[in-house]
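# Survey of secondary and tertiary structure
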Amino acid sequence: TRIISVRKNEPFEISKDFFEKLLDEEIEIFKKKRNGKISDFELIESESMKTELNGYDTAKPFGKKAKTFKAYIYMSFGSEEVSKELKKIISEKFGEPRVHFQTLPFVAFNILEKIIKPEAGYLFADIGGEITDISLVRGGVLEETVSFPLGRNALVKEVASRFKTTIKEANSLIERFRKGHAGVSDSKKISPVAERVIGEWSGFLRKALAEISSKAPLPRDFFLAGSAIEGLGFVESVKGASFSGFTVLGKPFNAHRVLPEGLKHYFKFERSFEKDKDTFLMIESLFAAKVL
């Protein structure tokens, strides 16, 4: 997130050209932060989240005058090679549709900000895949995003290795363990693996929280997304007293799950909710409906 700030002695007009010039300058600064290694990357997003004129939120600043102007811009880069490959795969299946790339932290923020809205802000984490993304939202702005290379899939791979089986079967074993349906023998094997992975994940989480809390204590509301993560230790770890030092008033996080049931009323399902429920697909669909 980049903050563009302009202050002058006399009121000046906020025009679209003025804003775009400032935005181009910030993009160049953002590129230089990669130490010049930008040839293989392309800009994905440069999205304005909030603008302020004379210190007040202003949804439509163009054409207005002010002495101070501030804009909060979310920017992201991605691999040009990957985006080209994705476009190629999509065009082979769907002809030549218009392809629009966004990053999940911005998409989730854009939708959840309209639904959640805790006054003190919140943290949002996606832990269902190969990595964990943690976003800090405060004052209607996605302030910070931190990622680390460990998510639920690390547990799946560990279990697959421990049982010398496939990823699909490991997922089935974890699902039975999570629901308390695994046999005694399987539970004894999975339990220490889960504890080890959660312990490593908690260590990464501590470093990430230390990074994003360096400017100010964090809000207590922590929203977690990811399929089938209950009963594995992720949510319980977030609620633990060991992380309370990062929050306002030094109290433990209030951990909440972002579940399909909470988004259900926004949709009509062609088949059934049970067959089509997918938290991220629902969030992405809401975003697509909004921007298109």
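Notes on the structure follow. Because the structure is a prediction, the values reported are computed rather than measured.

### Some points on the sheet that holds strand 4 (residues 65-79)
- Taken in spatial order, the four strands of this open sheet run 1-4-2-3, and their pairing is antiparallel. Strands with a single pairing partner mark the edges of an open sheet, and in this sheet they are strand 1 (2-13) and strand 3 (56-57).
- Bridge analysis of strand 1 against strand 4 gives eight bridges, and the strand direction is antiparallel. Within the sheet, the bridge partner assigned to Ile 4 lies in strand 4 and is Ala 71.

### Points about the packing of aromatic side chains
- Enumeration according to the criterion identifies 15 aromatic pairs in this entry.
- An angle of 70° between the planes, with centres 5.7 Å apart, marks the rings of Phe 18 and Phe 69 as edge-to-face. With Phe 18 in helix 1 (residues 16-32) and Phe 69 in strand 4, this pair connects stretches of sequence that are 51 residues apart.
- The class of Phe 18 is buried, set by a relative accessible area of 19%.
- When the ring of Phe 19 is compared with that of Phe 69, the centres are 6.3 Å apart and the planes differ by 85°; the resulting orientation is edge-to-face. Placement of Phe 19 in helix 1 and of Phe 69 in strand 4 is noted, with a sequence separation of 50 residues between them.

### Let's talk about the pairing of strand 7 (residues 141-148)
- As paired elements, strand 6 (residues 132-138) and strand 7 share seven bridges and run antiparallel to each other. Bridge assignment links Ile 134 to a residue of strand 7, and that residue is Val 146.

### Describing the environment of Ala 125
- Following the sequence through the fold, Ala 125 ends up in strand 5 (residues 122-126).
- On the basis of relative accessible area, Ala 125 is assigned to the buried category, the value being 1%.
- A C-alpha to C-alpha distance of 33 Å links Ala 125 and Asn 54, two positions 71 residues apart in sequence.
- If near-sequence neighbours (up to four positions away) are discounted, Ala 125 is found in contact with Asp 133, Ile 134, Phe 222, Phe 223, Leu 224 and Ala 225.

### Re a negative patch on the surface
- A contiguous patch of negative charge, built from Asp 17, Glu 20, Asp 24 and Glu 25, is present on the exposed surface.
- Here Glu 20 lies in helix 1.

### Details of the pattern of salt bridges
- Taken as a whole and assessed by the stated rule, the structure comprises twelve salt bridges.
- Ionic pairing is found between Lys 157 and Glu 130, a salt bridge with its closest N-O pair at 3.0 Å. Separated by 27 residues along the polypeptide, Lys 157 in helix 4 (residues 152-163) and Glu 130 in the loop between strand 5 and strand 6 bring together distant segments of the chain.
- A relative accessible area of 46% places Lys 157 in the partly exposed class.
- Between Glu 274 and Lys 277 there is a salt bridge, and its shortest N-O distance comes to 3.4 Å.
- Residue classification places Lys 277 among the partly exposed positions, given a relative accessible area of 33%.
- Salt bridges sharing common partners tie together Lys 50, Glu 52 and Asp 57.

Definitions and limits used
- Residues numbered from 1 in each chain as written.
- Predicted model: local features only at pLDDT ≥ 70, side-chain atom pairs only at ≥ 80, totals over all residues.
- Heavy atoms only, no water.
- Pairing = 2+ DSSP bridges.
- Helix = DSSP H or I, 4+ residues; strand = E, 2+ residues; numbered from the N terminus.
- Phe/Tyr/Trp six-rings, centres within 6.5 Å; stacked < 30°, edge-to-face > 60°.
- Buried < 20%, exposed > 50% of the residue type's maximum accessible area, 1.4 Å probe, protein only.
- Contact = heavy atoms within 4.5 Å.
- Patch = residues over 30% accessible without salt bridge, like charges linked within 9 Å, V, L, I, M, F, W, Y side chains within 5 Å.
- Areas by Shrake-Rupley, 256 points an atom, 1.4 Å probe, with all protein chains shown as cover.
- Salt bridge = Lys/Arg side-chain N within 4 Å of Asp/Glu carboxyl O.
- Lys, Arg positive; Asp, Glu negative; His and termini not counted.
- Charge placed at Lys NZ, Arg CZ, Asp CG, Glu CD.

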